[in-house]
Amino acid sequence: MNDDRCEGVAIANLIGTDGCSVVGWVYRWSTGSHAVMWDVQGPQPVSETRPDISDEQKQEIDFDALTRIRKSDSG
């Protein structure tokens, strides 16, 4: 990670409700903030992160809201 530019590194996988599919990633940016990047299917319900991340990181990405995402019926 280059601290001179705003770059990020994936620190955890977002695991779907089936318990095995990776539906997105948690990124830590060089600024110290955390964000979610989804796979090509877009936002999907999440059951956990692997590896587990701290409670503070979960709060920053609003992990509770990620577990409540509803699958789109239009897809």
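J.: Go over the sheet that holds strand β1 (residues 8-16), please, and point to the residues and values.
T.: Hydrogen bonds along the backbone pair up the strands of a sheet, which may run parallel or antiparallel. In spatial order, the strands read β3-β2-β1-β4; together these 4 strands make up an open sheet with antiparallel pairing. On the outer flanks of this sheet lie β3 (34-38) and β4 (46-50), each paired with one strand and no other. Strand-to-strand twist in this sheet, taken as the mean axis angle between neighbours without regard to direction, amounts to 35°.

J.: Talk me through the pairing of β3; I want residue IDs and the actual numbers.
T.: In the case of a regular strand, side chains alternate between the two sheet surfaces. Relative to β3, strand β2 (residues 22-29) is paired through 5 bridges, and the arrangement is antiparallel. Directly across from Val26, in β3, lies its bridge partner Val36. Linking two consecutive strands that pair antiparallel, namely β2 and β3, is a turn of 4 residues; a positive phi of about 95° is found at Gly32 within it.

Conventions we followed
Residue indices follow the written sequence of each chain, beginning from 1 at its first position. Two thresholds apply to this predicted model, a pLDDT of at least 70 for residue-level local features and 80 or more for giving and counting side-chain atom pairs, whereas whole-chain, interface and lining totals are computed over all residues. Here the side-chain values reflect all heavy atoms present in the structure, with hydrogen atoms and water set aside. Pairs of strands are assigned from DSSP output, requiring at least two bridges between the strands. Numbering of helices and strands runs from the N terminus; a helix is a DSSP stretch of H or I covering at least four residues, while a strand is a stretch of E covering at least two. For helices, the fitted axis covers only the stretch in contact; all axes are lines through C-alpha atoms, and the angles between them, taken along N-to-C directions, range from 0 to 180 degrees.

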